[in-house]
Amino acid sequence: RIHLIRGNHEAAAAACADAFVWVKDYHELHVQDTTSHQGKQLVVLLHYAMRVWNASHHGSFHVFGHSHGTLPDDPAARSLDVGVDVHGFAPVSYHEVKNLLLQKAWVRPY
């Protein structure tokens with residue numbers, strides 16, 4: 001089951017769109033996680049990196065691709081480049097994303 005967040009080079013994916021559960025430009029994923037607030041973690045998915053995103057001030061996560069590891073990481077933002085070329089050409093699990101983001105120095109802005 002493959003879900004696709006559309007990027008800027010998706011001609012091949014568009015040709016076989018029926019192979020995906022869905023194809024979207026943007027998606028907000030609620031992951032069941034007993035260690036997160038109210039038992040779920042909001043993960044905002046977009047091909048492009050954002051400086052702010054829905055509920056970023058509440059600790060939501062943002063994962064993106066596009067930059068292929070060339071965008072400097074913000075050590076205080078709960079955002080992560082999850083492109084496979086950044087992570088040994090393999091997908092990154094939610095638990096890996098969570099562990100990496102929780103190591104950052106994020107502080108609630110108020």
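Residues numbered from 1 in each chain as written. Predicted model: local features only at pLDDT ≥ 70, side-chain atom pairs only at ≥ 80, totals over all residues. Heavy atoms only, no water.

Enquirer: Any chance you could explain the pattern of salt bridges here in plain terms?
Expert: Oppositely charged side chains may form a pair once their charged atoms are brought near each other. On inspection of all chains with the given rule, the structure shows 3 salt bridges. Asp33 serves as the salt-bridge partner of Lys98, at 2.8 Å between the closest nitrogen and oxygen. Within this pair, whereas Lys98 is found in helix α2 (residues 94–102), its partner Asp33 is found in the loop between β3 (26–32) and β4 (40–46), the two being separated by 65 residues in sequence. Asp33 shares its class with Lys98; the two are buried. Lys104 is the partner of Asp73 in a salt bridge, and the nearest nitrogen-oxygen pair spans 2.7 Å. Separated by 31 residues along the polypeptide, Asp73 in the loop between β5 (61–64) and β6 (79–81) and Lys104 in the segment after α2 bring together distant segments of the chain. (Salt bridge = Lys/Arg side-chain N within 4 Å of Asp/Glu carboxyl O. Helix = DSSP H or I, 4+ residues; strand = E, 2+ residues; numbered from the N terminus. Buried < 20%, exposed > 50% of the residue type's maximum accessible area, 1.4 Å probe, protein only.)

Enquirer: What am I meant to see in the nonpolar core here?
Expert: Within soluble globular proteins, side chains that are nonpolar generally end up buried alongside one another. One finds Ile5, Val31, Val43, Leu45, Phe61, Val63, Leu80, Tyr94, Val97 and Leu101 forming the largest nonpolar core, which totals 10 residues. Those elements that place two or more of their residues in this core are β4, β5 and α2. Beyond its immediate chain neighbours, meaning those up to four positions away, Phe61 contacts Gln41, Leu42, Val43, Val44, Trp53, Arg78, Tyr94, Val97, Lys98, Leu101 and Leu102. (Core = buried A, V, L, I, M, F, W, Y, C linked by side-chain atoms within 4.5 Å. Contact = heavy atoms within 4.5 Å.)

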